[in-house]
Amino acid sequence: MELLGSKTVQEVLIQGEQVPEKYIHKVEDGGVPVPDASAAQLMDVPVIDLALLAASSISADELEKLRSALATWGCFQVINHGMSPEFLDEFREITKQFFALPVEDKKKYLRQVNDIQGYGNDMVFSEQQTLDWSDRLYLSVYPQDNRKLNLWPENPKSFRQTLDQYTMDLQVVTKTVLKAMARSLDLEDNCFSDLYGGEQGKMDIRFNFYPPCPRPDLVLGVKPHADGTLITLLLQDKEVEGLQFLKGDKWFRAPIVPDALLINVGDQVEILSNGIFKSPVHKVVTNSDKERISVAAFCIPESDKEIEPFERLVNESRPRLYKKVKNYVGIYFEYYQQGRRPMEAAKM
Ligand SMILES: O=C(O)CCC(=O)C(=O)O
Ligand SMILES: [Fe+2]
């Protein structure tokens, strides 16, 4: 159960408070709570041309690039995805315009306690939870029955239509990526996409807004987590960095490739691939003078689908690492509430 909601970050800032205690990360052993972002290296994650992954003209080199990126980083950037740079700019623009509305106007779309959809802050499950320095708008878009249109902004005027177009385009990208992932593992083309569901696999969208933060050394935009999805497609801010990925015990900065989408696999693909593809732990740092936006699209299997390692990927040299799970997103929140890594629930 969620505790009563707290304020949005924007409201905290309007009230001119010091950064409230609840947002502050502490390190008991006296280390640095949030290491200086500029000290982190850029990741060398490949940029993949989606046209070269489409079934009709698939390139073996591109496929190998994909497999190797997902086995090392768990993510890659993709260009030639069918959306024009102008359209991506328009989509970023409606995101900025929505968050720039006065608090009162946005509150029409306020998330209710215990519902994930709507505008507001991170869901709060325990008194101990350190809060993220981000405001969100979370909307389910597919299947269409999941849409709560009363929570879809009417201002800016083009918001709904632009979101609709963006998510239709993403469904096409998702299908191509899921097929290519299967091929890169020598599996049957549709093995991932069958779990995702027919024409309209489940997709949720989270618009993230990170206001400038007076204490980037103590506060995170999003605390370290891995996504509970099959895959996540992220549109990053065009100018402001913030996202970092963990590899080994080091954090790396995700580079901005303005017209690319950054795609990462989530826990469910790590399970299905028997650990060959890594669901990367990532976080978002804040900065003191620039706001940042991003938009994450979460692709999630239907909740009645059983998720377990594909048999072809289990053998003597690679024993089965994960149990069968169902409704993983439900498990995800239960573990998250207790401050545990949800993947623990799936390990053998
Ligand atoms: O803002 C970002 O770059 C990433 C956000 C994220 O990790 C998420 O929404 O799950
Ligand atoms: Fe994430």
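Remember, it's a predicted structure, so these values are computed and weren't measured experimentally.

**Q** I tried to follow the environment of Asn-327 on my own but got confused; where do I start?
**A** Note that Asn-327 resides in the loop between strand E15 (325-326) and helix H8 (328-337). On the accessibility criterion, Asn-327 (40% relative accessible area) is partly exposed. Each C-alpha atom, one on Asn-327 and one on Val-9, is 31 Å from the other, the two residues being 318 residues apart in sequence. Those residues in contact with Asn-327 that sit more than four places away from it in its chain are Ser-303 and Lys-305.

**Q** It is not clear to me how the pairing of strand E5 (residues 135-142) should be interpreted in this structure. Could you clarify?
**A** By the criterion of burial, E5 is predominantly enclosed, with eight of the eight residues buried. Sheet topology note: the strand E4 (residues 118-120)/E5 ladder contains three bridges and is antiparallel. Residue pairing across strands places Gly-118 opposite Tyr-138, the latter belonging to E5. Pairing analysis gives seven bridges linking E5 to strand E6 (residues 202-210), with the strands arranged antiparallel. Among the inter-strand pairings, Tyr-142 is bridged to a residue of E6, identified as Met-203.

**Q** Is there a simple way to explain the pattern of salt bridges in this structure?
**A** Between side chains of opposite charge, a pair can form when the charged atoms approach closely. Scanning all chains against the criterion turns up 20 salt bridges. With its nearest N and O atoms 3.6 Å apart, the salt bridge here joins Asp-122 to Lys-223. Residue Asp-122 is found in the loop between E4 and E5, and its partner Lys-223 is found in strand E7 (residues 220-225); the two are separated by 101 residues along the sequence. Exposure class is identical for Asp-122 and Lys-223. Each is buried. Where Asp-132 meets Lys-223, a salt bridge forms, and the shortest distance between an N and an O atom there is 3.0 Å. Residue Asp-132 is located in the loop between E4 and E5, and its partner Lys-223 is located in strand E7; the two are separated by 91 residues in the primary sequence. With respect to burial, Asp-132 and Lys-223 carry one shared label: buried. Salt bridges sharing partners connect three or more residues here, namely Asp-122, Asp-132, Arg-136 and Lys-223.

**Q** Help me understand the environment of Val-285, please; the structure alone is not making it clear to me.
**A** Positionally, Val-285 belongs in strand E12 (residues 282-285). Placed 150 residues apart in sequence, Val-285 and Asp-135 show a C-alpha to C-alpha distance of 14 Å. Leave out the neighbours within four places in its chain, and Val-285 touches Val-34, Ala-37, Leu-220, Gly-221, Gly-242 and Gln-244.

**Q** Looking at this model, I keep getting lost on helix H2 (residues 60-72). Mind explaining?
**A** Taking 1.5 Å per residue, 13 residues should reach 18 Å; H2 reaches 18 Å between its end C-alpha atoms and fits that length. Every buried residue belonging to H2 is among Glu-62, Leu-63, Leu-66, Ala-69 and Leu-70, and all of these are buried. Looking straight down H2, one finds its buried side chains confined to an arc of 130°; they lie on one side. Exposed positions of H2 whose direction lies more than 90 degrees from the buried face are Ala-60 and Asp-61.

**Q** Where do I start with the coordination of the iron ion (ligand 2) in this structure?
**A** A four-donor tetrahedral metal ideally has 109.5 degree angles, and a six-donor octahedral metal ideally has angles of 90 or 180 degrees. The protein atoms that coordinate the iron ion (ligand 2) are His-225 (NE2), Asp-227 (OD) and His-282 (NE2), at distances spanning 2.1 to 2.3 Å. Motif for the iron ion (ligand 2), donor spacing along one chain: H-x1-D-x54-H. Of this pair, Asp-227 sits in the loop between E7 and strand E8 (231-236) while His-282 sits in strand E12, and the two are 55 residues apart along the sequence. Taken as a pair, Asp-227 and His-282 share a single burial class, namely buried.

Reading guide: rules and limits
Residues numbered from 1 in each chain as written. Chains lettered and ligands numbered in written order. Predicted model: local features only at pLDDT ≥ 70, side-chain atom pairs only at ≥ 80, totals over all residues. Heavy atoms only, no water. Helix = DSSP H or I, 4+ residues; strand = E, 2+ residues; numbered from the N terminus. Buried < 20%, exposed > 50% of the residue type's maximum accessible area, 1.4 Å probe, protein only. Contact = heavy atoms within 4.5 Å. Pairing = 2+ DSSP bridges. Salt bridge = Lys/Arg side-chain N within 4 Å of Asp/Glu carboxyl O. Expected span 1.5 Å × (residues − 1). Arc of directions from axis to C-beta. Donors = N, O, S within 2.8 Å, 3.2 Å for Na, K, Ca; no water.

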